[in-house]
Amino acid sequence: MKWILSISYGEHDASICLLKDNEVKLFIQEERSSRTKRDCTFPLSCLKYVKNYTNIIDLVVFGNVTKDPDYQCNGVLRAFFKDDISVLDHHVDYSHHHIYHAASGFYNSGFEKATIIVIDGWGGSGERNIGNGSPSGEEVKCAETTSIYSASYPSKINLLFKNYVYEPELMVEVREDLFEKQELEHGYICNLSGHLDIGVIYGVVSDFLGFSALDGGKTMGLSSYGKENNKIPSIFSENRSFSNMNLFRMNREINTKIYPYLKDMSSFQKKADLAYSVQKALEEIFISKVEFALKYGDSNNIVLSGGCALNVVANSVLKRKFPNVNFYIDPIPHDAGQSFGIGKYFYHDITGSEEIKPMNGLFTGPEYSLEDLKTSIKNKIQKISHESDQ
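Basis of the calculations
- Residues numbered from 1 in each chain as written.
- Predicted model: local features only at pLDDT ≥ 70, side-chain atom pairs only at ≥ 80, totals over all residues.
- Heavy atoms only, no water.
- Helix = DSSP H or I, 4+ residues; strand = E, 2+ residues; numbered from the N terminus.
- Buried < 20%, exposed > 50% of the residue type's maximum accessible area, 1.4 Å probe, protein only.
- Contact = heavy atoms within 4.5 Å.
- Areas by Shrake-Rupley, 256 points an atom, 1.4 Å probe, with all protein chains shown as cover.
- Axes fitted to C-alpha atoms, helices over the stretch in contact; angles between N-to-C directions.
- Parallel < 35°, antiparallel > 145°, perpendicular 65-115°, else oblique.
- Nonpolar A, V, L, I, M, F, W, Y, C, P; charged D, E, K, R; others polar.
- 1 Å grid on protein atoms, 1.4 Å probe; cavity = no way out; pocket = protein on both sides within 12 Å on 5 of 7 lines; lining within 4 Å.
- Points joined across faces, edges and corners; volume = space filled by probe spheres on them.
- Salt bridge = Lys/Arg side-chain N within 4 Å of Asp/Glu carboxyl O.
- Pairing = 2+ DSSP bridges.
- Phe/Tyr/Trp six-rings, centres within 6.5 Å; stacked < 30°, edge-to-face > 60°.
- Arc of directions from axis to C-beta.
- Patch = residues over 30% accessible without salt bridge, like charges linked within 9 Å, V, L, I, M, F, W, Y side chains within 5 Å.
- Polar contact = N/O pair within 3.5 Å; in protein donor to acceptor, adjacent residues only side chain to side chain.

> Please give an account of the overall build of the protein chain that cites residues and values.
Within the protein chain, the regular secondary structure consists of nine helices and 15 strands. A total of 390 residues make up the protein chain; the buried ones form 52% of that total. Sequence separation of at least 24 residues holds for 70% of the intrachain contacts in the protein chain that already meet a minimum separation of 6. Counting every atom, the protein chain has about 19,400 Å² of accessible surface; 48% of that belongs to carbon and sulfur.

Below, the structure is given as C-alpha coordinates:
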(Lines give C-alpha, C1' and ligand atoms only; values in the text may rest on other atoms or scores of the structure.)
Protein backbone atom coordinates (compact mmCIF):
# COMPACT_ATOMS: atom_id res chain seq x y z
CA MET A 1 0.00 0.00 0.00
CA LYS A 2 2.03 2.93 -1.30
CA TRP A 3 -0.28 5.95 -1.53
CA ILE A 4 -3.35 6.54 0.68
CA LEU A 5 -5.43 9.69 0.42
CA SER A 6 -7.94 10.33 3.20
CA ILE A 7 -10.62 13.00 2.85
CA SER A 8 -12.77 14.31 5.70
CA TYR A 9 -15.84 16.44 4.90
CA GLY A 10 -18.04 16.56 7.99
CA GLU A 11 -20.00 19.69 8.84
CA HIS A 12 -16.94 21.91 9.26
CA ASP A 13 -13.12 21.87 9.12
CA ALA A 14 -12.73 19.67 6.05
CA SER A 15 -9.20 18.40 5.38
CA ILE A 16 -7.16 15.91 3.38
CA CYS A 17 -4.12 13.80 4.23
CA LEU A 18 -1.83 12.08 1.72
CA LEU A 19 0.36 9.22 2.97
CA LYS A 20 3.20 7.49 1.19
CA ASP A 21 4.26 4.32 3.01
CA ASN A 22 3.25 5.69 6.44
CA GLU A 23 4.87 9.07 5.86
CA VAL A 24 2.65 12.16 5.66
CA LYS A 25 3.44 13.97 2.43
CA LEU A 26 0.52 16.40 2.51
CA PHE A 27 -1.87 17.42 5.26
CA ILE A 28 -3.97 20.48 4.58
CA GLN A 29 -7.18 21.94 5.91
CA GLU A 30 -9.61 23.24 3.31
CA GLU A 31 -9.67 26.68 4.91
CA ARG A 32 -5.98 27.08 4.09
CA SER A 33 -6.77 26.65 0.41
CA SER A 34 -10.12 28.44 0.15
CA ARG A 35 -9.30 31.12 2.76
CA THR A 36 -12.76 30.61 4.30
CA LYS A 37 -12.72 29.83 8.01
CA ARG A 38 -13.66 26.22 8.86
CA ASP A 39 -14.64 25.58 5.25
CA CYS A 40 -16.12 22.24 4.18
CA THR A 41 -17.69 23.35 0.90
CA PHE A 42 -17.79 20.76 -1.87
CA PRO A 43 -15.82 20.41 -4.07
CA LEU A 44 -12.72 20.81 -1.92
CA SER A 45 -10.21 23.15 -3.51
CA CYS A 46 -7.30 21.62 -1.54
CA LEU A 47 -7.53 18.44 -3.64
CA LYS A 48 -5.75 20.30 -6.43
CA TYR A 49 -2.45 19.82 -4.56
CA VAL A 50 -2.55 16.01 -4.75
CA LYS A 51 -1.31 15.86 -8.34
CA ASN A 52 1.91 17.58 -7.26
CA TYR A 53 2.86 14.37 -5.42
CA THR A 54 1.48 11.41 -7.35
CA ASN A 55 -0.72 10.42 -10.28
CA ILE A 56 -1.56 6.99 -8.84
CA ILE A 57 -3.46 6.59 -5.56
CA ASP A 58 -3.79 3.07 -4.16
CA LEU A 59 -6.69 3.92 -1.85
CA VAL A 60 -8.93 6.94 -1.32
CA VAL A 61 -10.90 6.90 1.94
CA PHE A 62 -13.85 9.24 2.37
CA GLY A 63 -14.74 9.91 6.02
CA ASN A 64 -17.59 11.80 7.69
CA VAL A 65 -19.50 11.99 4.42
CA THR A 66 -23.00 13.03 5.48
CA LYS A 67 -24.36 15.20 2.66
CA ASP A 68 -25.17 13.38 -0.58
CA PRO A 69 -22.21 10.96 -0.33
CA ASP A 70 -22.64 9.45 -3.80
CA TYR A 71 -22.50 12.88 -5.41
CA GLN A 72 -19.49 14.00 -3.37
CA CYS A 73 -17.43 10.82 -3.68
CA ASN A 74 -18.14 10.32 -7.37
CA GLY A 75 -17.38 13.98 -7.95
CA VAL A 76 -13.92 13.60 -6.43
CA LEU A 77 -13.20 10.44 -8.42
CA ARG A 78 -14.31 12.13 -11.66
CA ALA A 79 -12.11 15.15 -10.90
CA PHE A 80 -9.10 12.88 -10.37
CA PHE A 81 -9.85 11.11 -13.64
CA LYS A 82 -9.88 14.44 -15.48
CA ASP A 83 -6.52 15.29 -13.89
CA ASP A 84 -5.09 11.94 -15.07
CA ILE A 85 -4.86 10.63 -11.51
CA SER A 86 -5.62 6.92 -11.26
CA VAL A 87 -7.52 5.72 -8.18
CA LEU A 88 -7.10 1.96 -7.70
CA ASP A 89 -9.61 1.59 -4.87
CA HIS A 90 -11.84 3.70 -2.64
CA HIS A 91 -13.80 3.29 0.57
CA VAL A 92 -16.58 5.37 2.16
CA ASP A 93 -16.97 5.52 5.95
CA TYR A 94 -19.98 7.09 7.64
CA SER A 95 -19.83 6.15 11.28
CA HIS A 96 -16.43 5.97 13.01
CA HIS A 97 -15.90 9.61 13.88
CA HIS A 98 -14.50 9.06 17.38
CA ILE A 99 -12.25 6.19 16.32
CA TYR A 100 -10.56 8.53 13.87
CA HIS A 101 -10.13 11.19 16.55
CA ALA A 102 -8.54 8.48 18.67
CA ALA A 103 -6.34 7.35 15.78
CA SER A 104 -5.21 10.91 15.12
CA GLY A 105 -4.02 11.31 18.70
CA PHE A 106 -2.57 7.82 19.13
CA TYR A 107 -0.52 7.59 15.92
CA ASN A 108 0.89 11.05 16.56
CA SER A 109 1.77 10.38 20.20
CA GLY A 110 4.72 8.05 19.71
CA PHE A 111 3.31 5.73 22.40
CA GLU A 112 3.37 1.97 21.79
CA LYS A 113 0.08 1.74 23.67
CA ALA A 114 -2.19 4.25 25.38
CA THR A 115 -5.64 5.00 26.70
CA ILE A 116 -7.36 7.63 24.59
CA ILE A 117 -10.03 10.04 25.77
CA VAL A 118 -12.15 11.64 23.04
CA ILE A 119 -14.47 14.43 24.19
CA ASP A 120 -16.41 15.99 21.36
CA GLY A 121 -19.52 18.00 20.63
CA TRP A 122 -21.70 15.78 18.47
CA GLY A 123 -19.64 12.92 17.07
CA GLY A 124 -20.94 10.30 14.70
CA SER A 125 -24.71 9.91 14.62
CA GLY A 126 -26.41 6.55 14.55
CA GLU A 127 -28.90 4.33 16.27
CA ARG A 128 -28.58 2.47 19.52
CA ASN A 129 -30.63 -0.53 20.61
CA ILE A 130 -31.80 0.11 24.15
CA GLY A 131 -33.35 -3.32 24.67
CA ASN A 132 -35.62 -3.33 27.72
CA GLY A 133 -35.41 0.45 27.93
CA SER A 134 -38.06 0.77 25.25
CA PRO A 135 -41.51 -0.85 25.45
CA SER A 136 -41.38 -1.50 21.71
CA GLY A 137 -37.71 -2.52 21.60
CA GLU A 138 -37.01 0.14 18.97
CA GLU A 139 -33.61 1.66 18.37
CA VAL A 140 -32.90 5.21 19.47
CA LYS A 141 -31.36 7.88 17.26
CA CYS A 142 -28.39 9.31 19.11
CA ALA A 143 -24.91 10.79 18.79
CA GLU A 144 -21.64 9.85 20.44
CA THR A 145 -20.16 12.62 22.58
CA THR A 146 -17.46 11.06 24.76
CA SER A 147 -15.46 7.89 24.11
CA ILE A 148 -12.55 6.20 25.87
CA TYR A 149 -10.40 3.60 24.09
CA SER A 150 -7.38 1.45 24.73
CA ALA A 151 -5.03 1.48 21.76
CA SER A 152 -2.00 -0.43 20.56
CA TYR A 153 -0.37 -1.25 17.24
CA PRO A 154 -1.07 -1.96 14.52
CA SER A 155 -4.75 -0.88 14.71
CA LYS A 156 -6.19 -2.17 17.96
CA ILE A 157 -8.51 0.59 19.17
CA ASN A 158 -10.84 -1.05 21.67
CA LEU A 159 -13.75 0.74 23.30
CA LEU A 160 -13.85 1.08 27.10
CA PHE A 161 -16.54 3.73 27.50
CA LYS A 162 -19.09 5.47 25.29
CA ASN A 163 -21.54 8.26 26.05
CA TYR A 164 -24.50 8.68 23.71
CA VAL A 165 -26.96 11.57 23.72
CA TYR A 166 -30.40 11.10 22.21
CA GLU A 167 -33.08 13.62 21.39
CA PRO A 168 -36.23 12.72 23.38
CA GLU A 169 -38.66 13.97 20.72
CA LEU A 170 -37.31 11.37 18.27
CA MET A 171 -38.15 8.34 20.36
CA VAL A 172 -40.76 6.48 22.37
CA GLU A 173 -40.90 6.73 26.13
CA VAL A 174 -37.78 5.32 27.77
CA ARG A 175 -36.99 4.31 31.33
CA GLU A 176 -33.47 5.67 31.69
CA ASP A 177 -32.78 3.67 34.85
CA LEU A 178 -32.73 0.51 32.73
CA PHE A 179 -29.75 1.48 30.64
CA GLU A 180 -27.71 4.14 32.42
CA LYS A 181 -24.16 2.88 32.98
CA GLN A 182 -24.91 -0.69 32.02
CA GLU A 183 -22.10 -3.16 31.44
CA LEU A 184 -22.49 -4.52 27.92
CA GLU A 185 -21.56 -7.95 26.65
CA HIS A 186 -18.91 -6.37 24.40
CA GLY A 187 -16.92 -5.42 27.50
CA TYR A 188 -17.38 -1.65 27.61
CA ILE A 189 -19.52 0.70 29.66
CA CYS A 190 -22.24 2.62 27.86
CA ASN A 191 -24.19 5.69 28.91
CA LEU A 192 -27.30 6.62 26.97
CA SER A 193 -28.95 9.82 28.12
CA GLY A 194 -30.98 12.83 27.08
CA HIS A 195 -28.60 15.09 29.01
CA LEU A 196 -26.23 17.25 26.97
CA ASP A 197 -22.57 16.33 27.32
CA ILE A 198 -19.86 18.83 28.21
CA GLY A 199 -18.70 19.45 24.63
CA VAL A 200 -22.14 20.60 23.53
CA ILE A 201 -22.64 22.52 26.78
CA TYR A 202 -19.44 24.46 26.20
CA GLY A 203 -20.60 25.30 22.68
CA VAL A 204 -24.05 26.39 23.88
CA VAL A 205 -22.53 28.71 26.48
CA SER A 206 -20.03 30.08 23.95
CA ASP A 207 -22.88 30.89 21.57
CA PHE A 208 -24.90 32.46 24.38
CA LEU A 209 -21.96 34.69 25.29
CA GLY A 210 -21.95 36.13 21.78
CA PHE A 211 -19.26 33.94 20.24
CA SER A 212 -20.05 30.92 18.09
CA ALA A 213 -20.50 27.33 19.23
CA LEU A 214 -17.10 26.52 17.68
CA ASP A 215 -15.31 29.43 19.38
CA GLY A 216 -14.77 27.77 22.73
CA GLY A 217 -11.27 29.24 22.93
CA LYS A 218 -12.78 32.68 23.47
CA THR A 219 -14.91 31.35 26.31
CA MET A 220 -11.83 29.71 27.82
CA GLY A 221 -9.98 33.02 27.70
CA LEU A 222 -12.92 34.93 29.14
CA SER A 223 -13.17 32.48 32.05
CA SER A 224 -9.89 33.79 33.48
CA TYR A 225 -11.69 37.06 34.31
CA GLY A 226 -14.55 35.27 36.05
CA LYS A 227 -15.16 34.12 39.59
CA GLU A 228 -17.58 32.02 41.61
CA ASN A 229 -21.05 33.54 41.36
CA ASN A 230 -23.91 31.96 43.30
CA LYS A 231 -26.43 33.55 40.96
CA ILE A 232 -25.08 31.58 38.00
CA PRO A 233 -27.11 28.33 37.79
CA SER A 234 -25.31 25.03 38.16
CA ILE A 235 -24.04 23.44 34.96
CA PHE A 236 -24.73 19.98 36.39
CA SER A 237 -27.67 18.28 38.02
CA GLU A 238 -27.34 17.33 41.68
CA ASN A 239 -25.41 14.09 41.16
CA ARG A 240 -22.75 15.86 39.03
CA SER A 241 -23.02 13.16 36.35
CA PHE A 242 -25.56 14.84 34.12
CA SER A 243 -26.22 18.34 32.83
CA ASN A 244 -28.78 20.66 34.34
CA MET A 245 -31.54 20.26 31.77
CA ASN A 246 -33.52 23.08 33.36
CA LEU A 247 -30.72 25.32 32.13
CA PHE A 248 -29.98 23.74 28.75
CA ARG A 249 -32.67 23.10 26.17
CA MET A 250 -32.28 20.24 23.71
CA ASN A 251 -32.31 22.79 20.89
CA ARG A 252 -28.96 24.04 22.24
CA GLU A 253 -30.28 27.19 23.88
CA ILE A 254 -30.11 28.42 27.46
CA ASN A 255 -33.45 28.66 29.25
CA THR A 256 -33.66 32.22 30.53
CA LYS A 257 -37.32 31.81 31.51
CA ILE A 258 -36.36 29.49 34.34
CA TYR A 259 -33.20 31.50 35.07
CA PRO A 260 -34.13 35.18 34.46
CA TYR A 261 -30.78 36.31 35.92
CA LEU A 262 -29.26 35.33 32.57
CA LYS A 263 -31.62 37.45 30.47
CA ASP A 264 -29.49 40.58 30.66
CA MET A 265 -25.91 39.68 29.73
CA SER A 266 -24.68 43.22 29.09
CA SER A 267 -22.36 43.03 32.11
CA PHE A 268 -18.83 41.92 31.27
CA GLN A 269 -18.41 40.43 34.73
CA LYS A 270 -21.59 38.38 34.43
CA LYS A 271 -20.35 36.98 31.11
CA ALA A 272 -16.96 36.21 32.65
CA ASP A 273 -18.60 34.48 35.62
CA LEU A 274 -20.67 32.27 33.31
CA ALA A 275 -17.55 31.41 31.31
CA TYR A 276 -15.76 30.60 34.58
CA SER A 277 -18.59 28.29 35.61
CA VAL A 278 -18.61 26.27 32.37
CA GLN A 279 -14.79 26.13 32.35
CA LYS A 280 -14.75 24.62 35.85
CA ALA A 281 -17.43 22.14 34.74
CA LEU A 282 -15.23 21.09 31.81
CA GLU A 283 -12.24 20.64 34.08
CA GLU A 284 -14.33 18.49 36.44
CA ILE A 285 -15.36 16.24 33.55
CA PHE A 286 -11.77 16.01 32.30
CA ILE A 287 -10.58 14.86 35.73
CA SER A 288 -13.34 12.25 36.06
CA LYS A 289 -12.60 10.81 32.61
CA VAL A 290 -8.87 10.54 33.32
CA GLU A 291 -9.68 8.75 36.58
CA PHE A 292 -11.87 6.34 34.60
CA ALA A 293 -9.14 5.81 32.00
CA LEU A 294 -6.55 5.00 34.68
CA LYS A 295 -8.95 2.59 36.39
CA TYR A 296 -10.15 0.66 33.33
CA GLY A 297 -7.28 1.17 30.88
CA ASP A 298 -4.02 -0.74 30.94
CA SER A 299 -1.61 2.13 30.38
CA ASN A 300 -0.24 5.17 32.16
CA ASN A 301 -0.10 6.90 28.78
CA ILE A 302 -3.16 9.09 28.26
CA VAL A 303 -3.99 10.70 24.91
CA LEU A 304 -6.61 13.45 24.59
CA SER A 305 -8.43 14.17 21.34
CA GLY A 306 -11.74 15.55 20.15
CA GLY A 307 -12.59 19.25 20.06
CA CYS A 308 -12.51 19.71 23.84
CA ALA A 309 -8.82 18.76 23.88
CA LEU A 310 -8.16 22.24 22.46
CA ASN A 311 -8.86 23.60 25.96
CA VAL A 312 -5.29 24.21 27.13
CA VAL A 313 -6.42 25.47 30.54
CA ALA A 314 -8.14 22.17 31.32
CA ASN A 315 -5.14 20.27 29.95
CA SER A 316 -2.85 22.11 32.35
CA VAL A 317 -5.21 21.23 35.22
CA LEU A 318 -4.81 17.55 34.30
CA LYS A 319 -1.04 17.80 34.31
CA ARG A 320 -1.05 19.29 37.80
CA LYS A 321 -3.68 16.84 39.07
CA PHE A 322 -1.93 13.74 37.64
CA PRO A 323 1.82 14.52 37.68
CA ASN A 324 2.83 10.89 37.12
CA VAL A 325 0.69 10.35 34.01
CA ASN A 326 2.24 10.62 30.56
CA PHE A 327 -0.15 12.95 28.74
CA TYR A 328 -0.17 13.59 25.01
CA ILE A 329 -2.56 16.14 23.53
CA ASP A 330 -3.45 15.62 19.89
CA PRO A 331 -2.14 18.74 18.06
CA ILE A 332 -5.12 18.57 15.65
CA PRO A 333 -7.84 17.22 17.97
CA HIS A 334 -10.79 18.94 16.25
CA ASP A 335 -12.40 17.69 13.05
CA ALA A 336 -9.55 18.88 10.82
CA GLY A 337 -7.48 16.04 12.30
CA GLN A 338 -9.95 13.44 11.09
CA SER A 339 -8.22 12.97 7.73
CA PHE A 340 -4.91 12.25 9.47
CA GLY A 341 -6.56 9.72 11.79
CA ILE A 342 -8.38 8.07 8.89
CA GLY A 343 -5.25 7.75 6.76
CA LYS A 344 -3.09 6.39 9.57
CA TYR A 345 -5.74 3.95 10.78
CA PHE A 346 -6.28 2.46 7.34
CA TYR A 347 -2.55 2.25 6.66
CA HIS A 348 -1.81 0.30 9.83
CA ASP A 349 -4.95 -1.82 9.57
CA ILE A 350 -4.28 -2.87 5.96
CA THR A 351 -0.52 -3.37 6.18
CA GLY A 352 -0.30 -4.60 9.77
CA SER A 353 2.71 -2.31 10.21
CA GLU A 354 3.76 -1.53 13.78
CA GLU A 355 6.13 1.24 12.71
CA ILE A 356 5.74 4.26 14.99
CA LYS A 357 6.02 7.36 12.83
CA PRO A 358 4.27 10.49 14.10
CA MET A 359 4.30 13.73 12.14
CA ASN A 360 7.41 15.80 12.83
CA GLY A 361 5.40 18.99 12.39
CA LEU A 362 2.17 20.37 11.00
CA PHE A 363 3.86 22.28 8.20
CA THR A 364 3.44 19.88 5.29
CA GLY A 365 2.84 20.50 1.62
CA PRO A 366 4.64 22.79 -0.84
CA GLU A 367 7.80 24.64 0.18
CA TYR A 368 8.73 28.14 -0.95
CA SER A 369 12.13 29.81 -1.14
CA LEU A 370 12.79 33.15 0.52
CA GLU A 371 12.99 34.72 -2.92
CA ASP A 372 9.54 33.36 -3.83
CA LEU A 373 8.10 34.73 -0.61
CA LYS A 374 9.67 38.16 -1.14
CA THR A 375 8.28 38.32 -4.68
CA SER A 376 4.81 37.28 -3.54
CA ILE A 377 4.78 39.92 -0.76
CA LYS A 378 5.99 42.66 -3.11
CA ASN A 379 3.33 41.77 -5.67
CA LYS A 380 0.64 41.84 -2.99
CA ILE A 381 1.78 45.25 -1.75
CA GLN A 382 1.82 46.62 -5.28
CA LYS A 383 -1.69 45.29 -5.90
CA ILE A 384 -3.02 46.88 -2.70
CA SER A 385 -1.34 50.19 -3.55
CA HIS A 386 -2.81 50.14 -7.05
CA GLU A 387 -6.31 49.43 -5.73
CA SER A 388 -6.08 52.20 -3.13
CA ASP A 389 -5.00 54.74 -5.79
CA GLN A 390 -8.13 53.93 -7.77
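So, next bit.
> Explain unusual backbone geometry to me, using residue names and the numbers behind them.
For residues that are not glycine, phi is negative in most cases, and the peptide bond is trans in most cases. With an omega of 0 degrees, the peptide bond running from phenylalanine 42 to proline 43 counts as cis. Mapped onto the elements, proline 43 comes out in the loop between helix H1 (30-34) and strand S4 (56-57). Tyrosine 153 connects to proline 154 through a cis peptide bond whose omega is 5 degrees. Counting through the fold element by element, proline 154 comes out in the loop between strand S10 (139-152) and strand S11 (156-166). The residue arginine 252 is not glycine, and still its phi comes out positive at about 65 degrees.

> Now, about the packing of helix H3 (residues 97-109) against helix H8 (residues 338-351): what can you tell me, with residues and values included?
Axis separation between H3 and H8 bottoms out at 7 Å; the angle between their running directions is 80 degrees. Looking at the two axes, H3 sits roughly perpendicular to H8. Of the residues in H8, those in contact with His97, Ile99, Tyr100, His101, Ala103, Ser104, Tyr107 and Asn108 of H3 are Gln338, Phe340, Gly341, Ile342, Lys344, Tyr345, Phe346 and His348. Classifying every residue of the contact of H3 with H8 gives eight nonpolar, seven polar and one charged.

> Hey, could you go over the layout of surface pockets for me, with residue numbers and the actual values?
In this model, the largest pocket occupies a volume close to 1,200 Å³. Considering the residues around the largest pocket, the lining is formed by 43 residues, among which His12, Asp120, Gly121, Trp122 and Leu214 are closest to the centre. For the lining of the largest pocket, the secondary-structure elements that each account for two or more residues are S10, S11, helix H4 (198-208) and helix H5 (216-223). In terms of residue count, the dominant contributor to the lining of the largest pocket is H4 (six residues).

> Help me get a handle on the pattern of salt bridges, residues and values and all.
Per the counting criterion, the structure on display carries seven salt bridges. Overlapping salt bridges, with partners in common, bring together Glu23, Lys25 and Lys357 in one network.

> A description of the pairing of strand S8 (residues 113-119) should follow, citing residues and the corresponding values.
Taking burial as the measure, the seven residues of S8 include six buried ones, the bulk of the element. Of the pairings in the sheet, the one linking S8 to strand S14 (residues 301-305) comprises four bridges and is parallel in character. The residue bridging threonine 115 from the neighbouring strand is isoleucine 302, located in S14.

> Can you explain the packing of aromatic side chains? Please cite residues and give values.
Taken as a whole, this structure holds 12 aromatic pairs when the rule is applied. Between tyrosine 9 and phenylalanine 42, the aromatic rings sit 5.9 Å apart at their centres with planes inclined by 65 degrees, giving edge-to-face as the arrangement. Placement of the pair is tyrosine 9 in the loop between strand S1 (3-8) and strand S2 (15-20) and phenylalanine 42 in the loop between H1 and S4, with a sequence separation of 33 residues. The class for tyrosine 9 is buried, based on a relative accessible area of 1%.

> Which residues make up H5, and what values go with them?
Taken together, the buried positions of H5 are occupied by Gly216, Thr219, Met220, Leu222 and Ser223. Each buried residue of H5 sits inside an arc of 165 degrees when the element is viewed along its axis, so together they form one side. Buried positions along H5 lie against H4, helix H6 (268-296) and helix H7 (312-321).

> Can you tell me about the sheet that holds S1, naming the residues and giving the values?
With mixed pairing, five strands are arranged side by side in an open sheet as S3-S2-S1-S5-S7. Looking along the sheet, the strands with just one partner apiece sit at the ends: strand S3 (23-29) and strand S7 (90-93). Each adjacent strand pair in this sheet contributes to an overall mean axis angle of 15 degrees, direction not counted. Note: S1 against S2, six bridges, orientation antiparallel. Looking at the pairing, serine 8 lines up with serine 15 of S2. Against the sheet, H8 contacts S1, S2, S3, strand S5 (59-63) and S7, and its axis sits at roughly 140 degrees relative to S1.

> I'd love a proper account of a nonpolar patch on the surface, names of residues and values included.
On the surface, a cluster of nonpolar side chains totalling about 560 Å² of accessible area is made up of Tyr368, Leu370, Leu373, Ile377 and Ile381. Along the polypeptide, leucine 373 turns up in helix H9 (residues 370-389).

> Mind laying out the side chain of histidine 97, listing which residues take part and the relevant values?
Secondary-structure assignment places histidine 97 in helix H3. Judged by relative accessible area, histidine 97 falls into the buried class, the value being 7%. In this structure the side chain of histidine 97 is engaged in a polar contact, spanning 2.9 Å, whose partner is the side chain of asparagine 64. The contacts of histidine 97, once residues within four sequence positions are left out, are Asn64, Asp120, Gly123, Gly124, Glu144, Asp335 and Gln338.

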